[in-house]
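Structural description and commentary
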Amino acid sequence: MALILGIESSCDETAAAVIDSNGTTLKERIVAQRIASQDDAHRPYGGVVPEIAARAHVEVLGPMVGAVLADAGLTLDDMDAIAATAGPGLIGGVMVGLVTGKALAMAAGKPLIAVNHLEGHALSPRLAEPSLAYPYLLLLVSGGHCQILEVAGVGQYRRLATTIDDALGEAFDKTAKILGLGYPGGPAVERLAREGDAKAVPLPRPLVGSGEPHFSFAGLKSAVMRAKDAGIHADADIAASFQQAALDCVVDRTRIALGAATPGMTALVVAGGVAANAALRAALEALAAQHGLPLVAPPPKLCTDNAAMIGWAGAERFALGYTDGLDVAARPRWPLDANAAPVRGAGVKG
Ligand code: KG4
Ligand code: ZN
């Protein structure tokens, strides 16, 4: 059995967790976990302010590690390794978590595992459901990333699709801002969409029908802005119509990716913050069924940023003997598939 301390600080959640990789239930695998959201600190600005985020991580993380070990009834000495997010993300925050992980690893004489935050999301479905076997097709949808990847094993990723402009979570967040729903926006848009008519506002479905499975959401966001400015639609109708348009894009793009994937995928898997969206899960469930595959999605609490997924990715790496030196660098950008060809029109998102 491996006990891993996981640390996450790449965006606006400070989190620490103790993972027991041999636990038979999810409750046993997540021995203890704590998350401190910085939502209140960033809300006045309508988005994450990197400097505020980094300072908040500094204040919270040290005591949180002590608290989560106490929750687990364990000490640093009981841990087999320390896993900390080393990127990609806001570099100030990443450095706070990684340096904390290095210091703890050095003080306790334990191995350090530098975890790619995206690998944390990518493997989180196996934390929830360890019987999920490689290879699987992963739709990774968060605030910063929107990709479809084949996951063949730990560290083995083939990117089939990415976004040429905004990530899906970003589109939800921008729509929330346009509708004055505040920050963070995704859950608020989903709630309001339940009260609206998804057919009320005609909105574009960028790239739907294209033969390559890439994403684009910038045009949809502009259309949402114009719909709001027109002043003739109820906000709930705009939210519902936006969500439907975005999901239509995701389902169409994922269908193309399923057709292009290497044969033998065991499941369609969705992870990342937007995977908490119930309408998205329902739409993907239907798509997966059409392809004779199960849809695997972690419980919503494991979809948004957390340290349990970092500890779990650390545990999977540790089991394979992958550890890192204390000189490992924090990386603001760190693509899962370093060989993926750049996409025309794409920004520099990993
Ligand atoms: O994975 P995550 O916590 O952080 C990143 O690594 O980006 O994802 C956060 C993103 C935000 O854009 C948030 O609005 C979105 O996930 N999100 C949702 C929902 N819950 C979180 N989007 C749509 N519906 C939700 N229920
Ligand atoms: Zn994330």
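Residues numbered from 1 in each chain as written. Chains lettered and ligands numbered in written order. Predicted model: local features only at pLDDT ≥ 70, side-chain atom pairs only at ≥ 80, totals over all residues. Heavy atoms only, no water.

**Points about the pattern of salt bridges**
When the charged atoms of two side chains with opposite charge come close together, those side chains can pair. Convention followed: The working definition used for a salt bridge is a side-chain nitrogen of Lys or Arg within 4 Å of a carboxyl oxygen of Asp or Glu. Only runs of H or I of at least four residues qualify as helices and only runs of E of at least two qualify as strands under DSSP, and these elements are numbered from the N terminus.
Taken as a whole and judged by the stated rule, the model has 13 salt bridges. Between D71 and R34 there is a salt bridge, and its shortest N-O distance comes to 2.7 Å. In this pair, D71 is assigned in helix α3 (residues 50-72) and R34 in strand β3 (residues 30-37), connecting sequence segments 37 residues apart. Note that K174 and D166 form a salt bridge whose closest N and O atoms lie 3.3 Å from each other. Put simply, D166, E170, K174 and K221 are held in one network by salt bridges that share partners.

**Side note on the domain arrangement of the protein**
As a reminder, the rule being used: Those domain boundaries reflect an automatic or database domain assignment. Contacts are residue-level and defined by heavy atoms, with any inter-residue pair within 4.5 Å sufficient. The term buried area denotes the loss of accessible surface (1.4 Å probe radius) that occurs when two parts are joined, taken as the sum for both partners.
Each assigned domain of the protein is listed with its residue range as follows: domain 1 (3-124 + 301-319) and domain 2 (134-297). Opposite the 19 residues of domain 1 that make contact, domain 2 presents 18 residues. Between domain 1 and domain 2, a total of about 1,400 Å² is buried, with carbon and sulfur atoms accounting for 62% of that surface. Of all residues in domain 1, L118, A122 and C303 bury the most surface against domain 2, accounting for 35% of the area lost on that side. At the junction of domain 1 with domain 2, the criterion picks out 0 salt bridges. Elements with a contribution of two residues or more to the side of domain 1 that touches domain 2: α2 (39-42), α5 (117-128) and α12 (308-319). With 6 residues, the single largest contributor to the side of domain 1 that touches domain 2 is α5.

**Some remarks on α3**
Heads up, the condition is: Given a helix with a known number of residues, its expected span is that number minus one, times 1.5 Å. Bend, in this description, refers to the angle at a residue between axes fitted to the seven residues ending there and the seven starting there.
Between its first and last C-alpha atoms α3 spans 31 Å; for 23 residues at 1.5 Å apiece the expected length is 33 Å, and the two agree. Its maximal kink placed at L61, α3 deviates by approximately 35 degrees, while the proline P63 follows within four residues. Against β1 (3-8), β2 (13-20), β3, α2 and α4 (91-108) lie the buried residues of α3. A positive phi of about 70 degrees marks G73, the residue just after α3.

**Things to note about the nonpolar core**
Inclusion rule: To define a nonpolar core, start from buried Ala, Val, Leu, Ile, Met, Phe, Trp, Tyr and Cys residues and group those joined through side-chain atoms within 4.5 Å. Burial here depends on accessible area, computed with a 1.4 Å probe over protein chains only, as a share of the maximum for the residue type. Under 20% is buried, over 50% is exposed, and the range in between is partly exposed.
By size, the foremost hydrophobic cluster in this structure holds 51 residues, and its most contacted members are L137, L168, F217, F242 and L284. Sort the elements by how many residues they give to this core and helix α9 (residues 235-260) lands first, with 13 residues. Setting aside its immediate chain neighbours within four residues, L137 contacts I148, L149, E150, L160, A257, L258, A261, M265, A267, L268 and V269. Within the second largest apolar cluster, 36 residues are counted, among which are I4, V115, L149 and A313.

**As for the packing of α3 against α4**
Applied cut-off: Every axis in this analysis is a line fitted to C-alpha atoms, fitted for helices over the stretch in contact. Angles between the N-to-C directions lie between 0 and 180 degrees. Angle categories are assigned with fixed cut-offs, so that under 35 degrees is roughly parallel, over 145 is roughly antiparallel, 65 to 115 is roughly perpendicular, and the rest are oblique. Should the near helix be turned anticlockwise from the far one by less than a right angle, the crossing is termed left-handed; should it be turned clockwise, right-handed. Amino acids are sorted into nonpolar (Ala, Val, Leu, Ile, Met, Phe, Trp, Tyr, Cys and Pro), charged (Asp, Glu, Lys and Arg) and polar (every other residue, Gly among them).
Two numbers describe how α3 lies on α4: the axes approach to 9 Å, and their chain directions differ by 25 degrees. As the angle between them shows, α3 and α4 are arranged roughly parallel. Read as a crossing pair, α3 and α4 show a hand that is right-handed. Here α3 contributes A54, H57, V58, L61 and V65 to the contact with α4, which in turn contributes G92, G93, V96, G97, T100 and L104. Counted by class, the contact of α3 with α4 contains 6 nonpolar, 5 polar and no charged residues.

**Things to note about the site of ligand 1**
Stated precisely, the cut-off is as follows: Throughout this document, a residue counts as near a molecule or strand when at least one of its heavy atoms sits within 4 Å of that molecule or strand. Whenever two N or O atoms come within 3.5 Å, that pair is a polar contact, provided that in protein one can donate a hydrogen and the other can accept it, and provided that, for residues adjacent in sequence, both atoms are side-chain atoms. Note on areas: Shrake-Rupley, 1.4 Å probe, and residue coverage restricted to the protein chains presented here.
Near ligand 1 there are 18 residues, and of these G143, D173, G186, E190 and D305 occur at the shortest range. Between H121 and ligand 1, the recorded distance is 3.1 Å, taken from a side-chain N or O atom to an oxygen atom. Contact distances for ligand 1 include 2.6 Å between an oxygen atom and a side-chain N or O atom of D173. Alone, ligand 1 offers 550 Å² of accessible surface; in the complex the protein occludes 89% of this. The residue makeup of the shell around ligand 1, split by class, is 5 nonpolar, 10 polar and 3 charged. When residues of the shell around ligand 1 are sorted by domain, at least three fall in each of domain 1 (3-124 + 301-319) and domain 2 (134-297).

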